[in-house]
Amino acid sequence: MFRGSDDYPSTWYAATTVPRQQRRATPPPVEADVVIVGGGFFGLYCALLLAQAGRRVALLEASRLGWGASGRNGGQLVPGLSCGWGRLRAAIGAPLTAEMQRESQRALQQIRALIAERAIDCELADGHVEVAVLERRVRALRDAIDEARRDWGDTRLRFIERAELGAYVDSPRYRAGLFDPDAAHLHPLKYLFGVADAAEAAGATLHEGCRVSRWHEAADGVRLELADGATLRCAQLVLAAGAYVDSVEPRLAARVLPVGSFIGVTAPLGEAACRRLLPGNHAVYDNQFILEYFRTTADHRLLFGGRCTYLGGTPHRLADAMRANIVRAFPQLRGIGVDYAWGGHIDVTLRRMPDWGRRGERVYWAQGFCGHGMVPTRIAANLVVEAMLGEPARLDAFAAIVNPRFPGGERVGALLQALGMSWYRLRDLI
Ligand SMILES: Cc1cc2nc3c(=O)[nH]c(=O)nc-3n(C[C@H](O)[C@H](O)[C@H](O)COP(=O)(O)OP(=O)(O)OC[C@H]3O[C@@H](n4cnc5c(N)ncnc54)[C@H](O)[C@@H]3O)c2cc1C
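## Observations regarding the overall build of the protein
Argument step 1. The number of helices and strands found in the protein is 13 helices and 17 strands.
Argument step 2. Relative to the 2.2 N^0.38 estimate, which gives 22 Å for 430 residues, the radius of gyration of the protein is 21 Å and therefore close to what a compact globule would have.
Argument step 3. Projected onto its principal axes, the C-alpha coordinates of the protein cover approximately 65 × 45 × 45 Å.

## A short note on the domain arrangement of the protein
Argument step 1. For the protein, the assigned domains are domain 1 (1–124 + 186–255 + 352–399) and domain 2 (125–182 + 257–348 + 407–430).
Argument step 2. Relative placement of domain 1 and domain 2: their C-alpha centres are 25 Å apart.
Argument step 3. Taken residue by residue, the interface counts 28 residues in domain 1 and 27 residues in domain 2.
Argument step 4. Take the side of domain 1 that touches domain 2: its biggest share by element is four residues, from helix 4 (residues 94–117).

## Focus on the site of the ligand
Argument step 1. Close to the ligand lie 42 residues, the nearest being Gly40, Gly68, Gly74, Gly242 and Gly373.
Argument step 2. Elements supplying a minimum of two residues to the shell around the ligand: helix 2 (41–52), strand 11 (257–266) and strand 15 (338–348).
Argument step 3. In the shell around the ligand, the residues fall into 18 nonpolar, 21 polar and three charged.
Argument step 4. Built from parts of two domains, the shell around the ligand gets at least three residues from each of domain 1 (1–124 + 186–255 + 352–399) and domain 2 (125–182 + 257–348 + 407–430).

## Focus on the pairing of strand 6 (residues 176–185)
Argument step 1. With eight of ten residues buried, strand 6 lies mostly within the body of the structure.
Argument step 2. Sheet topology places strand 3 (residues 76–77) next to strand 6; two bridges connect them, and they run antiparallel. Within strand 6, the position partnered with Leu77 by the bridge is Ala184.
Argument step 3. Sheet analysis places strand 4 (residues 125–132) next to strand 6, joined by seven bridges and oriented antiparallel. Across the sheet, the residue bridging to His128 is Asp180, located in strand 6.
Argument step 4. Summarising the sheet, strand 5 (residues 158–160) and strand 6 pair through three bridges and their orientation is antiparallel. Residue pairing in the sheet places Phe159 in a bridge with Leu178 of strand 6.

## A word on the pairing of strand 10 (residues 231–239)
Argument step 1. Bridging between strand 1 (residues 31–37) and strand 10 involves six bridges; their strand directions are parallel. Among the inter-strand pairings, Ile36 is bridged to a residue of strand 10, identified as Val238.
Argument step 2. In terms of strand pairing, strand 9 (residues 221–226) meets strand 10 through four bridges, oriented antiparallel. The residue of strand 10 that forms the bridge with Leu224 is Leu232.
Argument step 3. Two successive antiparallel strands, strand 9 and strand 10, enclose a turn made up of four residues, where Gly229 displays a positive phi of approximately 95°.

## Concerning the nonpolar core
Argument step 1. Counting residues in each nonpolar core, the largest one holds 123 residues, and the members touching the most others are Val35, Ile36, Cys46, Ala47 and Val384.
Argument step 2. Ranked by residues supplied to this core, first place goes to helix 2 with ten residues.
Argument step 3. Here this core spans two domains, and each of domain 1 (1–124 + 186–255 + 352–399) and domain 2 (125–182 + 257–348 + 407–430) adds at least three residues to it.
Argument step 4. Sequence-distant contacts of Ile36, defined by excluding residues within four places in its chain, comprise Gly43, Cys46, Ala47, Val57, Leu59, Leu60, Val238 and Ala240.

## Brief notes about unusual backbone geometry
Argument step 1. Non-glycine residue Asn281 carries a positive phi angle of around 55°.
Argument step 2. Mapped onto the elements, Asn281 comes out in the loop between helix 9 (271–277) and strand 12 (283–286).
Argument step 3. Judged by local crowding, Asn281 falls into the partly exposed class, with 16 C-beta atoms found within 10 Å.
Argument step 4. In this structure, Cys370 is a non-glycine residue whose phi angle is positive, near 55°.
Argument step 5. Assignment of secondary structure puts Cys370 in the loop between strand 17 (363–367) and helix 11 (376–388).
Argument step 6. Overall, Cys370 belongs to the buried group, with 23 C-beta atoms counted inside 10 Å.

## Concerning the packing of helix 2 against helix 11
Argument step 1. Two numbers describe how helix 2 lies on helix 11: the axes approach to 9 Å, and their chain directions differ by 40°. Comparing the axis directions of helix 2 and helix 11 gives the class oblique. When you trace helix 2 past helix 11, the crossing you get is right-handed. Here Phe41, Phe42, Tyr45, Cys46, Leu49 and Leu50 of helix 2 come into contact with helix 11, specifically with Thr377, Arg378, Ala380, Ala381, Val384, Val385 and Met388.
Argument step 2. Here the contact of helix 2 with helix 11 is composed, by residue class, of eleven nonpolar, one polar and one charged.

## Overview of helix 2
Argument step 1. Over its twelve residues, helix 2 extends 16 Å from the first C-alpha to the last, a length consistent with the 16 Å expected when each residue adds 1.5 Å.
Argument step 2. Buried residues dominate helix 2, accounting for eleven of its twelve residues.
Argument step 3. Taken together, the buried positions of helix 2 are Phe41, Phe42, Gly43, Leu44, Tyr45, Cys46, Ala47, Leu48, Leu49, Leu50 and Ala51.
Argument step 4. At the exit of helix 2 stands Gly54, carrying a positive phi of roughly 95°.

## Examining the packing of helix 4 against helix 11
Argument step 1. Where helix 4 contacts helix 11, the two axes come as close as 9 Å, and the packing angle between them is 105°. Accordingly, the angle class assigned to the pair helix 4 and helix 11 is roughly perpendicular. Here Glu103, Ser104, Ala107, Gln110 and Ile111 of helix 4 lie close against helix 11, whose contacting residues are Arg378, Ile379 and Asn382.
Argument step 2. Residues belonging to the contact of helix 4 with helix 11 are distributed by class as follows: three nonpolar, three polar and two charged.

Rules behind the numbers
Residues numbered from 1 in each chain as written. Predicted model: local features only at pLDDT ≥ 70, side-chain atom pairs only at ≥ 80, totals over all residues. Helix = DSSP H or I, 4+ residues; strand = E, 2+ residues; numbered from the N terminus. Rg over C-alpha atoms; globule rule 2.2 N^0.38 Å. Domains from an automatic or database assignment. Contact = placed C-beta atoms within 7 Å. Near = placed C-beta within 6 Å. Nonpolar A, V, L, I, M, F, W, Y, C, P; charged D, E, K, R; others polar. Buried ≥ 20, exposed ≤ 12 C-beta atoms within 10 Å, placed from the backbone. Pairing = 2+ DSSP bridges. Core = buried A, V, L, I, M, F, W, Y, C linked by C-beta atoms within 7 Å. Axes fitted to C-alpha atoms, helices over the stretch in contact; angles between N-to-C directions. Parallel < 35°, antiparallel > 145°, perpendicular 65-115°, else oblique. Left-handed = near helix turned anticlockwise from the far one by under 90°. Expected span 1.5 Å × (residues − 1).

As structure tokens, this is what we get:
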């Protein structure tokens, strides 16, 4: 069973954020209109939107707010879903997919608007570049630009030829790029605290150190039991436990595999060196199957993510492993110190499709963000909350997507995924 710790892992984010006062002191109410299990972005967005709609909302987080993937991720704020629009179109049809493409842009603008309205100091920086490592994947960048123009009239994306790529990223590894001026990057833990403040200001109560052990539907609503024996009753429940869901809802847990993903942050490089590496201060990810992503930080370090493990555990000598990846992209950083290195879990479904839905009018969830959740958690919250407020059509279209259980449970599922990934890793090389 997953057990969170009482405090944040030692990430660069935790080291550069003034911690919010711990919400442990506030015991949860015995009754609420809505209880939300999990204090990451999905849970907090639901808390914010439901409280704004006048619901009495209590959010329960087993550890600290943002302790899961939300408070330790790469901070890249890029529209779209992990599965890609083509696969979504095959699953839910062209009209709703076109609507989701617009919803994805709207979610990004909602995030920007919240940051502006509440003056959230989260180091927001504009612009994102998707780069191709392999010549044969340059085509995919051009296709994405054509698709955006054709399907939802988006003319902002720009193709970057290799010759001009140096103005975006100073690396010999990449062949071409796709520039999105509206995508962005930020400090996710600082931003998350801003979202938490907004949810509280709207009237939601947030409770840390409250692990939900079990729940069941009763005649008069949903009843929950916490690890310390306390009980709660609510009319509606939102399950927002991400990759850490496990025993609180085994049926959901069976459909996601918690895959380890890792980040390293270098020693300070200085502003001039950072601007040489990434002249526009944009975030970057590549379009490999097992992707790498990076950006520079406000204190002028390189934050670099990548590497996946399917069989649990952290790679041996993680900082050295991350340095090797950094130097492969930026040979000029050979010998650089890696001051911080950490991992987190992403919630991967078997076919990389979102797993969003509801059971009747009482129990709602969204999981399966597959490592791309900063914008999609806001999309999912929009759909889940509109369903809870009486408009379920768009959520139900997602709920109809079939996400199979991992065959043989987590252990065998992890082995199968590891085998699958070895195949993809090979295709990233040849
Ligand atoms: C290393 C890493 C890098 C990433 N980089 C990016 C990126 O750059 N851009 C991007 O778009 N996405 C990125 N992602 C993915 C993104 O962070 C996630 O998709 C998103 O944060 C998921 O949010 P969530 O609210 O669903 O889950 P989480 O943030 O994981 O929150 C779930 C919470 O539920 C709590 N919980 C679990 N069980 C219980 C229980 N029984 N009772 C109470 N609470 C419970 C957990 O403690 C946890 O805090 C990254 C993920 C990782 C791990």
